[in-house]
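# Coordinate analysis (summary)
Below are the chains, spelled out letter by letter.
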Amino acid sequence: MILESVLAFAHIMAFIMLATFMTTETALCRADWVNPKVVDRLVRMNALSLLSAAIVLATGWARTFWGIKGSAWYWAQHLLHGKIALLVAMTVLLYLARRHYLAWQARIAQGGQLPDAAELKRARVLVMWSAHLMIVVVVLAVLLARGVGTR
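Because the structure is a prediction, the values reported are computed rather than measured. (Residues numbered from 1 in each chain as written. Predicted model: local features only at pLDDT ≥ 70, side-chain atom pairs only at ≥ 80, totals over all residues. Heavy atoms only, no water.)

### Some details on the packing of aromatic side chains
- Enumeration according to the criterion identifies 5 aromatic pairs in this entry.
- Between W61 and F65 the ring centres are 4.8 Å apart and the planes differ by 45 degrees, which places this aromatic pair in the tilted class. Of this pair, W61 and F65 both sit in helix α2 (residues 36-66), 4 residues apart, which is roughly one turn of that helix.
- Using a relative accessible area of 43% as the deciding quantity, one classes W61 as partly exposed.
- Put simply, the rings of W61, F65, W66 and W75 touch in pairs and so form one group of aromatic residues.
- The ring of W33 carries the charged tip of R30 above its face, separated from the ring centre by 5.6 Å. (Phe/Tyr/Trp six-rings, centres within 6.5 Å; stacked < 30°, edge-to-face > 60°. Helix = DSSP H or I, 4+ residues; strand = E, 2+ residues; numbered from the N terminus. Buried < 20%, exposed > 50% of the residue type's maximum accessible area, 1.4 Å probe, protein only. Lys NZ or Arg CZ within 6 Å of the ring centre and 35° of its normal.)

Below is the structure:
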């Protein structure tokens, strides 16, 4: 039971980290706040978002193999496959936002031009979509944990 509790705690904390860093990214993607240091922060926060997403996937993987229900039960569940697919989609969206941030950082280093409001909005929308997908992931997690729709 201790291992199950530790695995659940690690998985939940990884989700909280991910939510925190994505929230920071969306807050920083504002035209009235942007400056070269904010762009650098966006790159760092996005790296932490991507790291957190990797930790979510790793702790989830650990739960499926070392948790009480066992890998055979977990991998037979469609809800688990849905969660994984959505987490991968979230990670792709965060990676796409990262490409924007890195391009802005390079542009600033070359000539000092900050991203305009439209560019900031495009990146912010990517992170917001990722955050909204996370809500669905959590709903699926609750359903899976309660045995709703399981085999």
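Still more to cover.
### Comments concerning α2
- Here α2 contains 31 residues, and its C-alpha end-to-end distance of 45 Å stays within 8% of the 45 Å for a straight helix at 1.5 Å per residue.
- Residue N35 occupies the N-cap position of α2, its side-chain oxygen lying 2.9 Å from the main-chain nitrogen of K37. (Expected span 1.5 Å × (residues − 1). Polar contact = N/O pair within 3.5 Å; in protein donor to acceptor, adjacent residues only side chain to side chain.)

### Considerations on helix α4 (residues 78-111)
- In this model α4 runs 50 Å from its N-terminal to its C-terminal C-alpha over 34 residues, within 8% of the 50 Å that 1.5 Å per residue would give.
- Looking one or two residues past α4, G112 carries a phi angle of roughly 85 degrees, positive in sign.

### Looking at the nonpolar core
- Core analysis: the largest hydrophobic core is formed by 37 residues, its most contacted members being L18, M22, L42, M90, Y101 and W104.
- Those elements giving two or more residues to this core turn out to be α1 (2-28), α2, α4 and α5 (117-146).
- The leading source of residues in this core is α4, at 11 residues.
- With residues near it in sequence (within four places) discarded, W104 still touches V39, L42, P115, E119, L120 and A123. (Core = buried A, V, L, I, M, F, W, Y, C linked by side-chain atoms within 4.5 Å. Contact = heavy atoms within 4.5 Å.)

### Let's talk about the pattern of salt bridges
- Applying the stated rule across the entire model yields 2 salt bridges.
- A salt bridge links R63 to E4, with the nearest nitrogen and oxygen atoms 3.3 Å apart. One end of the pair, R63, is in helix α2; the other, E4, is in helix α1, and 59 residues separate them in sequence.
- Across the pair E119 and R107 runs a salt bridge whose closest N-O atoms are separated by 2.9 Å. A residue pair is termed long-range when its members are at least 10 positions apart, and E119 in helix α5 and R107 in helix α4 qualify at 12 residues. (Salt bridge = Lys/Arg side-chain N within 4 Å of Asp/Glu carboxyl O.)

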